[in-house]
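# Survey of secondary and tertiary structure
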Amino acid sequence: MNECVGKDVRVILISAPVLTKLRYHNEKEKYSLHNDFLETADVSEHKIVIDTPALLHLELIDDEAVVYLGKNLSHIIKVDISIAVLYDETHSKCITDLLMGISEVQSLHLYNDCREAVHRIDSELPIFRNLTSLVLGAGYVGWELLSQLLVKSPCLESLVFEEGYHIEHGEDEYDEEDDSGGDDKPLLWHDWHPPQNVPSCLPSNLKLVKFLKFRGGDGDLQMVAYFLKNAEVLEKLIIDCESYGEEFDVPEDQLKITAKLLMLPRASRTCQIEFVTPILRHDESD
């Protein structure tokens, strides 16, 4: 289903007892290529209800709905979600409602477009008792959601950070109390605070952690250190810097970061660390 929303649409009810795969796309950006749809179009915010008891795979890309309800989704296996335009706490509640509806999912991918919604979640999430694979593109926000997801996903085996740990703030968000840096002033970062107690998936099930767009800063290393310290059955940690190749084009710098990673203590005796850059590829195992 592509671009099914119109001015007078209030509710989209998808009720199909035998449907196994659903792709729903409603992206304003597509219209903006031809006109000023984003600025001028009068398209109603709507409600989406998905009642599909046989559904196995859901791909939901939407910019406008204010309510998402998933009903009878006990057989769901794979879900990909991108929900972008949610500007207040009332609207952002819809991501929580949707996650409640897909709590039986095995593989979950939250795209980076979800960042304006997920960082406002302050309610309890359901337990994802079947979730084994999580891809998180939450960027510099959404880290509180990460903590909740780790706690609520006891069987998690694979965790991928698609957009890296740190995403830059805008140029107008420098620390005003520190005006000594000039043009070289560092950008602000949004820190992640781990759960108070180690989530049960780390010592018992988590086998793969992958960081894409890795920058090698102190915050990055702290998060890597957390997983290495607590993931007792971790088999592989992949650090991929290829997306930021220009920042890692000096072999000496790459070796320094690699050395820091290899010096971090590991709870797992079989853990392999794979460090990937455009110039240097290093694979080390104990």
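Calculation criteria
- Residues numbered from 1 in each chain as written.
- Predicted model: local features only at pLDDT ≥ 70, side-chain atom pairs only at ≥ 80, totals over all residues.
- Heavy atoms only, no water.
- Salt bridge = Lys/Arg side-chain N within 4 Å of Asp/Glu carboxyl O.
- Helix = DSSP H or I, 4+ residues; strand = E, 2+ residues; numbered from the N terminus.
- Buried < 20%, exposed > 50% of the residue type's maximum accessible area, 1.4 Å probe, protein only.
- Core = buried A, V, L, I, M, F, W, Y, C linked by side-chain atoms within 4.5 Å.
- Contact = heavy atoms within 4.5 Å.
- Pairing = 2+ DSSP bridges.
- Axes fitted to C-alpha atoms, helices over the stretch in contact; angles between N-to-C directions.
- pLDDT = per-residue confidence, 0-100.
- Polar contact = N/O pair within 3.5 Å; in protein donor to acceptor, adjacent residues only side chain to side chain.

### With respect to the pattern of salt bridges
Taken as a whole and assessed by the stated rule, the structure comprises four salt bridges. With a closest N to O distance of 3.2 Å, R129 and E104 form a salt bridge. Here R129 is found in the loop between α4 (115-118) and β8 (133-136), whereas its partner E104 is found in the loop between α3 (89-101) and β7 (107-110), with 25 residues between them in sequence. Here R129 falls in the exposed class, since its relative accessible area comes to 51%.

### Quick look at the nonpolar core
Grouped together as the largest cluster of nonpolar side chains are 60 residues, with contacts concentrated most on I81, L108, F211 and F227. Contacts of F211, omitting those with residues within four sequence positions, involve F161, M223, V224, F227, L237, I238, I239 and D240.

### Section: the environment of S133
With respect to the secondary-structure elements, S133 resides in strand β8. Each C-alpha atom, one on S133 and one on Q106, is 6.5 Å from the other, the two residues being 27 residues apart in sequence. With near-sequence residues (within four places) excluded, S133 lies in contact with Q106, S107, L108, L156 and S158.

### Observations regarding the sheet that holds strand β3 (residues 47-51)
Strand order in the open sheet formed by three strands is β1-β3-β5, and the pairing between neighbours is parallel. At either margin of the open sheet sits one strand with a lone partner, and together these are β1 (11-15) and β5 (67-71). Between one strand and the next, the sheet's axes are offset by a mean angle of 10 degrees, whatever the strand orientation. Relative to β3, β1 runs parallel, the two being bridged by five bridges. Paired with I14 across the strands is I50, a residue of β3.

### Side note on the confidence of the model for the protein
Per-chain confidence: the protein averages 76 in pLDDT, with 66% of residues scoring 70 or above. For the protein, the element scoring lowest by mean pLDDT is helix α2 (residues 37-40), at 40; helix α6 (residues 201-204) scores highest, at 96. Per-residue pLDDT stays below 50 along residues 30-43; that stretch engages in 15 contacts with residues further than four places along the chain or on separate chains. A low-confidence stretch, residues 167-189 (pLDDT under 50), is modelled with 21 contacts involving residues beyond four sequence positions or located in other chains.

### Some points on the side chain of E104
On the accessibility criterion, E104 (18% relative accessible area) is buried. Of the polar contacts made by the side chain of E104, one reaches the side chain of R129; its length is 3.2 Å. Polar contacts involving the side chain of E104 include one to the side chain of N130, which spans 2.9 Å. Beyond its immediate stretch of four places on either side in the chain, E104 contacts L73, S74, I76, R129 and N130.

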